[in-house]
Amino acid sequence: MNRRTLLKRSLAAGAVGVAASAGLLAPGQVLAAYPNAAFHAKDTAEALNGVVGSGSFEHSDDIKIKAPDIAENGSVVPVTITSGLSGVESISILADANNSPLVASFTMHGSPAFISTRIKMGKTGNVLAVVKSGGKLFASKKEVKVTIGGCGG
Amino acid sequence: MAKSIKVRAKAKQGIVTVKALMNHPMETGLRKDKKTGKMIPAHFIQEVTAKLGDNTVMSAVWGGAISKNPYVSFKCSGAKGDSLTLAWVDNKGNSDSATAKVK
């Protein structure tokens, strides 16, 4: 992480950072400041920049996304991401059709590149898995058709 | 918010597979209450941390686009008998944690 993105991030996450430093987090946990701006970013590049420090990535076939082709209920879309890349530092999940594309970002701490969770999708779009490995970003995507959106009322 | 987490960890050939379910409304802050027409305030888990013993094995930042009552599964290296602790913190400052023995 270079100095500029660090500054940007610390400013953006100011409010949450205050909450964190006020002792609301469980003791003994070392957590990075919550990237609030990244979760409110409207496009994928901006969101990625906020959470992993760069908005550009290369396509990789070594990242596998397991998600349904058609999701009947957009509020529960099971997604499993595995990667054969070595030295995976983080895995980020984005849904590009959502209002704010960033869904979650997992830091792996040397654990195997495997994450499975359930996400919300507002409408049909791509699920994007972005893997950080050796300081570079690699991504793969899969289209999921949503018949009932998960973000509406 | 006691006992909001169910966590299981199973070891196989040095790799521990962790599966966890958390009880949480995960409101994005973008939905309207149908009766009152008012926006439902955002309330979602922001940070999740997993530790095996004293080592952090997985940490995550989440947005409101993780489904209600989140499920998460991941792998880490470890062995039978280790203790795995999973903790979350939400945007209102609530937090909870649970510990499971690796089976």
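This one's a predicted model, so the numbers in the text were calculated from it and none came from an experiment. (Residues numbered from 1 in each chain as written. Chains lettered and ligands numbered in written order. Predicted model: local features only at pLDDT ≥ 70, side-chain atom pairs only at ≥ 80, totals over all residues. Heavy atoms only, no water.)

## A look at the pattern of salt bridges
All names here are of chain A. Stated formally: Each reported salt bridge corresponds to a side-chain nitrogen of Lys or Arg within 4 Å of a carboxyl oxygen of Asp or Glu. The secondary structure listing takes helices from DSSP runs of H or I that are at least 4 residues long and strands from runs of E that are at least 2 residues long, numbered from the N terminus. Residue exposure (1.4 Å probe, protein chains only): buried if accessible area is under 20% of the type maximum, exposed if over 50%, otherwise partly exposed.
In total, this model carries 4 salt bridges over all chains according to the counting rule given. A salt bridge links Glu 58 to Lys 136; its shortest N-O distance comes to 3.5 Å. Of this pair, Glu 58 sits in strand 1 (residues 58-59) while Lys 136 sits in strand 9 (residues 136-148), and the two are 78 residues apart along the sequence. In this structure Glu 58 comes out as partly exposed when scored by relative accessible area, which is 40%. Note that Asp 69 is salt-bridged to Lys 142, the shortest N-O span being 2.6 Å. Taken as a pair, Asp 69 in the loop between strand 2 (63-66) and strand 3 (70-73) and Lys 142 in strand 9 lie far apart in primary sequence, 73 residues in all. Its relative accessible area of 54% is what places Asp 69 among the exposed residues. Taking relative accessible area as the criterion, Lys 142 reaches 19% and is therefore assigned buried.

## So, the pairing of strand 4 (residues 55-62) of chain B
As a reminder, the rule being used: The pairing criterion is simple: DSSP has to find at least two bridges between the two strands.
Within strand 4 of chain B, 6 of the 8 residues are buried, which leaves the element mostly enclosed by the surrounding structure. Pairing between strand 6 (residues 102-107) of chain A and strand 4 of chain B: 4 bridges, direction antiparallel. Its bridge partner being in strand 4 of chain B, A:Phe106 is matched across the sheet by B:Ala60. Pairing between strand 3 (residues 45-52) of chain B and strand 4 of chain B: 6 bridges, direction antiparallel. Bridge pairing in strand 4 of chain B places B:Thr49 opposite B:Ser59.

## Here we look at the interface of chain A and chain B
Convention followed: The contact criterion used is simple: two residues touch if any of their non-hydrogen atoms lie within 4.5 Å. The quantity reported as buried area is the accessible area (1.4 Å probe) lost by two parts once they are put together, taken as the sum for both.
The partner chain B presents 36 residues to the 34 residues of chain A that form the contact. Counting each side, the surface lost to burial between chain A and chain B is near 2,900 Å², with a carbon and sulfur contribution of 55%. Looking at the side of chain A facing chain B, the largest losses of area belong to A:Tyr34, A:Arg118 and A:Lys120, adding up to 21% of the total buried there. Scanning the region where chain A abuts chain B turns up 0 salt bridges.

## Examining helix 4 (residues 44-52) of chain A
Residue and element names in this part refer to chain A. As a reminder, the rule being used: Each direction from the helix axis to a C-beta atom contributes to the arc, which is the arc of those directions. Identification of polar contacts relies on pairs of N or O atoms within 3.5 Å, with a donor-acceptor requirement for protein atoms, meaning one able to donate a hydrogen and the other able to accept it, and with residues adjacent in sequence counted only if both atoms are side-chain atoms.
Restricting attention to buried positions, one finds in helix 4 the residues Ala 47, Leu 48, Gly 50, Val 51 and Val 52. The buried residues of helix 4 occupy one face: seen down the axis, they fall within an arc of 165°. Of the residues flanking the start of helix 4, the one acting as N-cap is Asp 43, its side-chain oxygen 3.2 Å from the backbone nitrogen of Ala 45.

## Examining the sheet that holds strand 2 of chain A
So the rule is basically this: Here an angle of 0 to 180 degrees is reported between the N-to-C directions of two axes, which are lines fitted to C-alpha atoms, with helices fitted over the stretch in contact.
Strand order in the open sheet formed by 6 strands is 2(A)-4(A)-7(A)-5(B)-2(B)-1(B), and the pairing between neighbours is antiparallel. Across the chains shown, the open sheet's two edge strands, defined by having one partner strand only, are strand 2 of chain A together with strand 1 (5-12) of chain B. Strand after strand, the sheet turns through a mean of 15° between neighbouring axes, direction not considered. Relative to strand 4 (residues 77-83) of chain A, strand 2 of chain A is paired through 4 bridges, and the arrangement is antiparallel. Bridge pairing in strand 4 of chain A places A:Ile65 opposite A:Ile81.

## Let's talk about the packing of aromatic side chains
Selection rule: Each aromatic pair joins two rings of Phe, Tyr and Trp (for Trp, the six-membered one) with centres within 6.5 Å, and gets the label stacked for planes under 30 degrees apart, edge-to-face for over 60, and tilted for any other angle. Think of it as a cone above the ring: NZ of Lys or CZ of Arg counts as a charge over the ring if it is within 6 Å of the ring centre and within 35 degrees of the ring normal.
In this structure the tally under the stated criterion is 1 aromatic pair over all chains. Directly above the ring of A:Phe114 sits B:Lys75, whose terminal nitrogen or CZ lies 4.5 Å from the centroid.

## Structural notes on the nonpolar core
Quick reminder of the rule: Buried Ala, Val, Leu, Ile, Met, Phe, Trp, Tyr and Cys residues that are joined via side-chain atoms within 4.5 Å together make up what is termed a nonpolar core.
One finds A:Phe106, A:Ile119 and B:Trp62 to be the most contacted residues of the largest nonpolar core, which totals 69 residues. Discounting residues that sit within four places of it in the chain, A:Phe106 has contacts with A:Glu89, A:Ser90, A:Ile91, A:Ile93, A:Ile115, A:Thr117, B:Met58, B:Ser59, B:Ala60, B:Trp62 and B:Val72.

## What about unusual backbone geometry?
Located in the positive-phi region is B:Gln13, a residue other than glycine, with phi close to 50°. Tracing the chain through its elements places B:Gln13 in the loop between strand 1 and strand 2 (15-22).

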